[in-house]
Amino acid sequence: MLPIVKVALPAADELMPALEKTLYSGQIAEGEQVYEFEKQFSEKFNIKNVLAMSSGTAALHAALKLCGVEPGDEVISTPMTAEPTNLSILYCGAKVVWADIDPQLGGMDPESVRSKITDKTKAILCVHYAGYPVNLAELKSIANQHGIPLIEDCAHALGALYAGKHVGLVGDYAIYSFQAIKHMTTIDGGVLAMANPEKMEEAKKFRWFGMLKGVPRTEVNISSVGYKYNMNNVVATIGQIQLRNIENVLQRHIENGKYFDEMFAKVAGVDFAKCDANAEPSYWLYTLLSDESEDLEKALNAAGISASKLHRPNNYHSIFDGSKTDLPGLDKFYKRLLHLPCGWWVSDEDRALIVETVKKG
Ligand SMILES: Cc1ncc(COP(=O)(O)O)c(C=O)c1O
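All values derive from a computational prediction rather than experimental measurement.

### A closer look at the pairing of strand β3 (residues 95–98)
- Of the pairings in the sheet, the one linking strand β2 (residues 74–77) to β3 comprises 4 bridges and is parallel in character. Of the residues in β3, the one forming a bridge with I76 is V97.

### Re the UniProt feature "modified residue: N6-(pyridoxal phosphate)lysine" (unreviewed entry) in the chain
- If you check UniProt for "modified residue: N6-(pyridoxal phosphate)lysine" (unreviewed entry), the listed places come out as K182 in our numbering.
- Here K182 is in contact with A155, H156, S177 and W284, once residues within four sequence places are set aside.
- Within the structure, K182 has its side chain in polar contact with the side chain of Q179 (distance 2.7 Å).

### Here's the deal with the state of the cysteines
- For the structure shown, the criterion picks out 0 disulfides.
- You can see C67 has no disulfide; the closest cysteine sulfur is in C92, sitting 9.2 Å from it.

### Let's talk about the packing of helix α1 (residues 12–23) against helix α8 (residues 233–264)
- As a packed pair, α1 and α8 sit with axes 9 Å apart at the nearest point and diverge in direction by 155°. Compared by their axis directions, α1 and α8 come out roughly antiparallel. α1 and α8 meet at a crossing whose hand is right-handed. On α8, the residues that touch E14, L15, A18, L19, T22 and L23 of α1 are N233, V234, T237, I238, I241 and R244.
- Tallied by class, residues from the contact of α1 with α8 come to 7 nonpolar, 3 polar and 2 charged.

### What to know about the domain arrangement of the chain
- Taken domain by domain, the chain holds domain 1 (12–241) and domain 2 (247–360).
- A separation of 25 Å is found between the C-alpha centroids of domain 1 and domain 2.
- Every contact between the two is made by 42 residues of domain 1 and, on the other side, 41 residues of domain 2.
- Across the interface of domain 1 and domain 2, roughly 3,500 Å² is buried in total on both sides, 60% from carbon and sulfur atoms.
- Broken down residue by residue, the surface that domain 1 buries against domain 2 is led by W98, Y132 and H183, which jointly contribute 21%.
- Our count for the contact surface shared by domain 1 and domain 2 stands at 1 salt bridge.
- Salt-bridge contacts for E247 lead to K44; the nearest nitrogen and oxygen are separated by 3.0 Å.
- Where domain 1 meets domain 2, there are 24 residue pairs in polar contact (both at pLDDT 80 or more).

### Quick look at the site of the ligand
- Lining the immediate environment of the ligand, one finds 16 residues, of which G56, T57, D153, H156 and S177 sit closest.
- A distance of 2.8 Å separates an oxygen atom of the ligand from a polar atom in the backbone of G56.
- H156 is positioned such that a nitrogen or oxygen atom in its side chain is 2.7 Å from an oxygen atom of the ligand.
- Contact with the protein chains removes 91% of the 380 Å² of surface that the ligand exposes when unbound.
- If you list the elements that add at least two residues to the shell around the ligand, you get α3 (56–66) and α4 (83–91).
- When grouped by side-chain class, the residues that make up the shell around the ligand number 5 nonpolar, 9 polar and 2 charged.

### Considerations on the UniProt feature "active site" (unreviewed entry) in the chain
- The sites that carry the UniProt feature "active site" (unreviewed entry) are, in the present numbering, K182.
- Tracing the sequence through the fold places K182 in the loop between β8 (173–177) and β9 (190–194).

### Structural notes on the pattern of salt bridges
- Under the definition given, this model contains 19 salt bridges.
- Note that R252 is salt-bridged to D348, the shortest N-O span being 2.8 Å. You can see R252 sitting in helix α8 and its partner D348 sitting in helix α11 (residues 348–360), a full 96 residues away along the chain.
- Each of R252, E255, D348 and R351 takes part in a single network of salt bridges with overlapping partners.

### Regarding the packing of aromatic side chains
- In the structure shown here, the tally under the stated rule is 18 aromatic pairs.
- Pairing F264 with Y286 gives two aromatic rings, centres 5.9 Å apart and planes at 45°, and the pair type is tilted. Residue F264 is located in helix α8, and its partner Y286 is located in strand β12 (residues 286–289); the two are separated by 22 residues in the primary sequence. For the pair formed by F264 and Y286, the shared burial category is buried.
- By the ring-pair criterion, three or more aromatic residues cluster together here, those being Y132, Y259, F260, F264, Y283 and Y286.
- For the cation-ring pair, K213 lies above W208, with the distance from its terminal atom to the ring centre recorded as 3.6 Å.
- Above the face of the F272 ring, K274 is positioned so that its terminal group lies 4.5 Å from the ring centre.

Cut-offs applied
Residues numbered from 1 in each chain as written. Predicted model: local features only at pLDDT ≥ 70, side-chain atom pairs only at ≥ 80, totals over all residues. Heavy atoms only, no water. Pairing = 2+ DSSP bridges. Helix = DSSP H or I, 4+ residues; strand = E, 2+ residues; numbered from the N terminus. UniProt positions renumbered as here; feature names shortened; annotations may be inferred. Contact = heavy atoms within 4.5 Å. Polar contact = N/O pair within 3.5 Å; in protein donor to acceptor, adjacent residues only side chain to side chain. Disulfide = S-S within 2.5 Å. Axes fitted to C-alpha atoms, helices over the stretch in contact; angles between N-to-C directions. Parallel < 35°, antiparallel > 145°, perpendicular 65-115°, else oblique. Left-handed = near helix turned anticlockwise from the far one by under 90°. Nonpolar A, V, L, I, M, F, W, Y, C, P; charged D, E, K, R; others polar. Domains from an automatic or database assignment. Buried area = accessible area lost by both parts, 1.4 Å probe. Salt bridge = Lys/Arg side-chain N within 4 Å of Asp/Glu carboxyl O. Near = heavy atom within 4 Å. Areas by Shrake-Rupley, 256 points an atom, 1.4 Å probe, with all protein chains shown as cover. Phe/Tyr/Trp six-rings, centres within 6.5 Å; stacked < 30°, edge-to-face > 60°. Buried < 20%, exposed > 50% of the residue type's maximum accessible area, 1.4 Å probe, protein only. Lys NZ or Arg CZ within 6 Å of the ring centre and 35° of its normal.

Shown next, in the form of structure tokens:
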């Protein structure tokens, strides 16, 4: 079967010497390799004020806390995402308020967000689902109008652009994930980015037990709760090697995604996700939309292609029962959704077979 997601690791002769060097350097916890990874990530994607974290989930928790989200507050979020997006809101003791999603995109509908704002709203958390950027211009304008911070969950969207810049640069905070099956993996890991450099110190303390590195342990004073959310040198070494080749990986996702857009535009009865004109997706997964999604899934599976939905809308979980509301946009999108493999492992022959199979229906 052609898999829908696949782990991308660098060639052993590139990765192993670097890994071995770090492993036996005597410095395997957070240190120079982590700071070097942060520098390289920042330069590669032109994203300032970045902190390497143990996971994307840790970065989400940090972003929400830096926005001042406390028990009893509300965070407007999307149900069409992986669960960590919304569990991180519960970590803060806050209430998830669902915005509906744009059924043609899979991301938050800005008008729904506007209608959900109350005086308890502490943050808006959007997700560039499957690598397709949401309408950031609208969301940022709503956020600014109400003085509420915007967080971008870019876990699926490394390499996606909005208004010509990498996603994560419009919001007040952005998070990236390097979990096993993402565009780029460090096994587990993440990055937290923030627009305001003055927040860096607070973020560093949150990342590591409420302490700053470099201050002698016998002199440091912990005055706020911090977690063990730091990246370590071993993980950061994998990240550095991954960054060398990341353009090629991203490029193939994008090439395949654009190919599918072009081909499916000519096929009757199928549709696909569409962003606003400012956005350039990085197609972590390809988002096909069809009223016949179940039949297409069967036909593709029979042809040796694993195509499916990947996530359960988070509002279906009973832990979020307190947030129940009607979400017609979500229901429509989810019913019609079929993810197709789109990444670096999908060859020209594979993608042609996918299109042929969908055409036959
Ligand atoms: C949309 C989304 N946000 C956040 C996360 C959390 O990232 P991590 O697994 O690195 O904690 C994931 C997935 O893993 C995700 O898919």
